[in-house]
Amino acid sequence: MAEHRGGCHCGNLRLRLRLSQAPEDTRLRACFCSFCRAHATRTTSDPLGSVEIGATDWALVEAYRFGTGTAEFLICRRCGVYIGAVCETVSGTRAVTNINCLDDRAAFLRQPAATDHDGETTDDRLARRAANWTPASLDRQAVSLPAPATPRG
Ligand SMILES: [Zn+2]
């Protein structure tokens with residue numbers, strides 16, 4: 001399974017994403033909620049993959065909630081980058097990742113499919129995330145991934 005590393009711009013938030021398909025075959029979404037439009041996200045999730053999310057300083061991480069409040073949208077307070085959202089589901093912690101925060105973001109070539117979940121009930125939303133989002137592990141306490149050697153341009 002191919003591994004992709006990424007994180008926020010200043011390096012505080014980091015993630016390691018494993019996807020079951022090659023980047024050029026990975027389906028992307030352009031969610032039409034007002035938050036995702038403001039950030040111009042390209043997102044993906046893979047129920048067969050996995051993602052680990054860590055931060056050097058969780059005090060610098062905003063877990064923003066809006067709408068139904070059932071997911072946390074992780075934003076770095078220092079550099080402002082949105083890396084993805086996490087949600088507690090019946091299948092455990094699941095996440096969607098903003099692939100624009102990956103080091104190899106340019107390898108993801110597919111045209112994002114427009115999605116709009118505005119009409120969904122909260123139960124439907126949680127069931128969809130449990131089935132489709134990526135199994136996730138968060139280390140909210142300590143450093144779980146090595147910091148980048150140099151700040152990324
Ligand atoms: Zn940052």
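As shown above, the structure is provided for reference.
Only a predicted model underlies this, so the values are computations on that prediction, with no experimental measurement involved. (Residues numbered from 1 in each chain as written. Predicted model: local features only at pLDDT ≥ 70, side-chain atom pairs only at ≥ 80, totals over all residues. Heavy atoms only, no water.)

### Some details on the side chain of Thr 115
With respect to the element layout, Thr 115 can be found in strand β10 (residues 113-115). With a relative accessible area of 15%, Thr 115 lands in the buried category. When residues no more than four places from it in sequence are discounted, the contact partners of Thr 115 are Arg 29, Ala 30, Cys 31 and Phe 32. (Helix = DSSP H or I, 4+ residues; strand = E, 2+ residues; numbered from the N terminus. Buried < 20%, exposed > 50% of the residue type's maximum accessible area, 1.4 Å probe, protein only. Contact = heavy atoms within 4.5 Å.)

### Focus: unusual backbone geometry
With a phi close to 50°, Ala 40 is a non-glycine residue in the positive phi region. Note that Ala 40 resides in the loop between α1 (34-39) and β4 (43-44).

### Overview of the environment of Val 90
Tracing the sequence through the fold places Val 90 in the loop between β8 (82-89) and β9 (92-98). The class for Val 90 is exposed, based on a relative accessible area of 85%. Separated by 14 residues in sequence, Val 90 and Cys 76 have C-alpha atoms that sit 27 Å apart.

### Overview of the coordination of the zinc ion
Surrounding the zinc ion are the protein donor atoms Cys 8 (SG), Cys 10 (SG), Cys 76 (SG) and Cys 79 (SG), which sit 2.2 to 2.4 Å from the metal. Of note, the zinc ion draws all its donor residues from one chain, in the sequence arrangement C-x1-C-x65-C-x2-C. Pair noted here: Cys 8 is in the loop between β1 (2-7) and β2 (13-19) and Cys 79 is in the loop between β7 (71-76) and β8, with a separation of 71 residues, a long-range link. Residue classification places Cys 8 among the buried positions, given a relative accessible area of 1%. (Donors = N, O, S within 2.8 Å, 3.2 Å for Na, K, Ca; no water.)

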